[in-house]
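# Structural overview
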Amino acid sequence: MIVDSEHCVTATVRDASGGPVPDIDVPFSVTGANSAAGSDVTDAGGEAAFCYTGLFPGRDAIAAFADTNGDGDQDGGEPGDTASKLWTLP
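Notes on the structure in this doc start here. Counting restarts for each chain: residues are numbered from 1 in the order of the written sequence. Only residues with pLDDT of at least 70 get local features here, since the model is predicted, and only at 80 or more are side-chain atom pairs given and counted; chain-wide, interface and lining totals rely on the full set of residues. Calculation of side-chain values draws on the structure's entire complement of heavy atoms; hydrogens and water are dropped beforehand.

## A closer look at the nonpolar core
In summary, soluble globular proteins display a tendency toward joint burial of nonpolar side chains. Put simply, a nonpolar core is a bunch of buried Ala, Val, Leu, Ile, Met, Phe, Trp, Tyr and Cys residues held in one set by side-chain atoms that sit within 4.5 Å of each other. A simple rule labels every residue: compare its accessible area, found with a 1.4 Å probe on the protein chains alone, to the largest value its type can have, and call it buried under 20%, exposed over 50%, or partly exposed in between. Grouped together as the largest cluster of nonpolar side chains are 15 residues, with contacts concentrated most on Val 26, Phe 28, Phe 50 and Tyr 52. Two residues qualify as a contact provided that any one of their heavy atoms is within 4.5 Å of a heavy atom in the partner residue. Residues contacting Phe 50, with those up to four places away along its chain left out, are His 7, Cys 8, Val 9, Phe 28, Val 30, Ala 36, Ala 37 and Gly 38.

Structure representation (structure tokens):
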């Protein structure tokens with residue numbers, strides 16, 4: 001991705017049967033070359049989205065989790081995942 005552009009990620013929350021789970025807060029955090037944070041609530045399809053702009057070249061780590069108890073911290077049993085994004089100069 002080119003520096004100074006927007007990157008969006010989507011997290012999907014599903015129950016043990018694979019069905020979508022609506023109305024769950026999903027905090028996102030970005031560390032690495034860039035830093036950002038935010039959250040979104042899952043829609044009827046269990047999806048939450050987060051967008052940020054990469055201002056510096058390098059690799060970012062993006063983390064998200066399903067905050068099922070709404071306390072803002074990832075507790076045992078709250079699923080999460082990570083992704084990475086590489087930002088380059090134009």
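From this point, the discussion proceeds with the structure in view.
## Quick notes on the pairing of strand β1 (residues 6-12)
By definition, any uninterrupted DSSP run of H or I lasting at least four residues is a helix, any uninterrupted run of E lasting at least two residues is a strand, and each is numbered from the N terminus. With burial as the criterion, only one face of β1 is covered, namely that bearing His 7, Val 9 and Ala 11; the residues Glu 6, Cys 8, Thr 10 and Thr 12 on the opposite face remain uncovered. In this sheet, strand β4 (residues 47-53) lies alongside β1 in antiparallel orientation, the contact comprising 7 bridges. By the bridge assignment, Val 9 is partnered in β4 with Phe 50. Here, strands pair whenever DSSP counts at least two bridges between them.

## Structural notes on unusual backbone geometry
Despite not being glycine, Asp 4 shows a phi value in the positive range, around 75°. Mapped onto the elements, Asp 4 comes out in the segment before β1. Of note in this structure, Asp 23 is not a glycine but carries a positive phi near 65°. For Asp 23, a relative accessible area of 63% puts it in the exposed group.

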